[in-house]
Amino acid sequence: MTKGRIFSGMQPSGKFHLGNYFGALENWVRLQHEYECYFSIVDLHALTSSYEDTKKLPENIQNMALDWLSGGLDPEKNIIFVQSHVKEHAELHLLLSMITPLGWLERVPTYKDKLQQLGQLNTYGFLGYPVLMTADILLYKADTVPVGEDQLPHLELAREMVRRFNNMYTDIFPEPQARLSQAKLLPGIDGRKMSKSYGNEIPFAASPDELRAKVRLMVTDPQRVKKTDCGNPDVCTVFAFHKIFNSGEVAEIDAQCRSASIGCVDCKKRLAEHMVTALADNHARRQALENNPGRIKEILVYGAERARTVAAATMAEVRDAMHL
Ligand code: SF4
């Protein structure tokens with residue numbers, strides 16, 4: 001049976017934290033065994049909203065590739081590349097923009113919301129973001145796109161564009177289907193959503209000792225003042241992490257917390273060691289890559305070459321269909 005084909009991308013916007021890892025990358029690592037995957041660092045998308053200061057882009061791209069590879073994406077199994085290294089993305093974006101009615105783009109909910117939040121995004125590139133996203137997917141004729149619920153309108157728009165192109169010219173593109181991802185939600189160490197802007201994140205690159213230090217700072221049940229007080233794991237950040245990193249002992253810790261037979265210090269130590277073990281492979285891969293600085297560049301060059309071959313073949317069909 002032929003494998004389905006996935007395209008997915010992430011904007012290079014700084015180093016990952018554990019919330020980013022569990023929010024998307026962990027899912028990709030699973031998908032790479034089921035699909036033929038194109039994973040792209042979408043730097044052109046980053047320009048649709050952060051176009052003024054681009055000096056940090058090369059560093060952010062390097063860090064994102066390091067995070068992906070450390071997280072377990074296999075550069076042989078997948079095609080891993082930087083979007084702007086394959087110029088066909090820009091070309092297909094331009095051609096699709098010719099056939100996309102303005103009203104389709106203006107009614108995308110995220111466009112309206114973001115425009116209200118950040119008025120300065122009133123640019124052509126930002127409005128055309130979903131066209132670029134559609135070009136990314138169609139260039140590789142991906143039939144599956146892993147998305148969260150909030151991105152479903154973008155994908156619906158991509159399907160509308162496929163139907164319009166196929167009807168108007170030649171039936172070239174498959175209609176991409178959504179594969180809804182079930183991301184694990186990891187709170188920050190203060191119990192709020194994990195976010196760099198709150199300063200409550202655990203870096204994905206954290207060493208074992210840094211992980212232990214972060215766990216020591218986690219907030220617990222605020223009502224549990226003394227070790228002899230019974231706790232409530234349902235309101236404890238440490239417990240939320242146990243559920244993800246130590247699922248086999250969750251029932252035991254729940255009971256021990258409620259009966260005050262474990263103290264928070266010991267509970268945190270147990271969690272920290274489980275986290276260190278669970279992330280040991282990521283840590284080892286990161287160290288190997290950091291010791292071999294040229295390796296990431298090689299992987300991205302290799303990925304772009306493989307992506308370009310497929311993209312160029314698609315563009316030949318598109319130009320033919322459009323009599324260009
Ligand atoms: Fe949280 Fe564990 Fe303390 Fe209970 S014992 S409050 S689960 S850290």
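Residues numbered from 1 in each chain as written. Predicted model: local features only at pLDDT ≥ 70, side-chain atom pairs only at ≥ 80, totals over all residues. Heavy atoms only, no water.

Considering the layout of surface pockets
The computed volume of the second largest pocket comes to approximately 150 Å³. If you go around the second largest pocket, the residues you meet are Q11, P12, S13, A46, S50, D53, T54, K56, L57 and N60. Broken down by class, the residue content of the lining of the second largest pocket amounts to three nonpolar, five polar and two charged. (1 Å grid on protein atoms, 1.4 Å probe; cavity = no way out; pocket = protein on both sides within 12 Å on 5 of 7 lines; lining within 4 Å. Points joined across faces, edges and corners; volume = space filled by probe spheres on them. Nonpolar A, V, L, I, M, F, W, Y, C, P; charged D, E, K, R; others polar.)

Things to note about the environment of M10
Its location among the elements puts M10 in strand 1 (residues 5–10). On the accessibility criterion, M10 (12% relative accessible area) is buried. In the structure, M10 is positioned 98 residues away from V108 in sequence and 19 Å away in space, judged by C-alpha atoms. Those residues within four positions of M10 in sequence are excluded, and the remaining contacts are F16, A24, L25, W28, S40, I41, V42, M64 and W68. (Helix = DSSP H or I, 4+ residues; strand = E, 2+ residues; numbered from the N terminus. Buried < 20%, exposed > 50% of the residue type's maximum accessible area, 1.4 Å probe, protein only. Contact = heavy atoms within 4.5 Å.)

Section: the site of the ligand
Taken together, T220, D221, R224, C236, V238, F239, C257, I262, C264 and C267 form the complete shell of residues around the ligand. Most atoms of the ligand, that is more than half of them, are within 2 Å of grid points of the largest cavity. Across the shell around the ligand, the residue classes break down as seven nonpolar, one polar and two charged. (Near = heavy atom within 4 Å. Sits in = over half its atoms within 2 Å of the grid points.)

Topic: the pairing of strand 5 (residues 177–180)
One ladder, built from four bridges, connects strand 4 (residues 144–147) with strand 5; its direction is parallel. Residue pairing in the sheet places V145 in a bridge with A178 of strand 5. The parallel pair strand 4 and strand 5, bridged by helix 9 (residues 152–168), forms a crossover whose chirality is right-handed. (Pairing = 2+ DSSP bridges. Right-handed = clockwise from strand over helix to strand, strands pointing away.)

Observations regarding the packing of helix 8 (residues 129–139) against helix 9
Interaxial distance between helix 8 and helix 9 falls to 9 Å at its minimum, and their mutual angle equals 70 degrees. Overall, the two elements helix 8 and helix 9 adopt an arrangement that is roughly perpendicular. Judged by the twist between their axes, the crossing of helix 8 over helix 9 is right-handed. Contacts between helix 8 and helix 9 pair Y129, P130, V131, M133, T134, I137 and L138 from the former with H154, L155, L157, A158, M161 and V162 from the latter. (Axes fitted to C-alpha atoms, helices over the stretch in contact; angles between N-to-C directions. Parallel < 35°, antiparallel > 145°, perpendicular 65-115°, else oblique. Left-handed = near helix turned anticlockwise from the far one by under 90°.)

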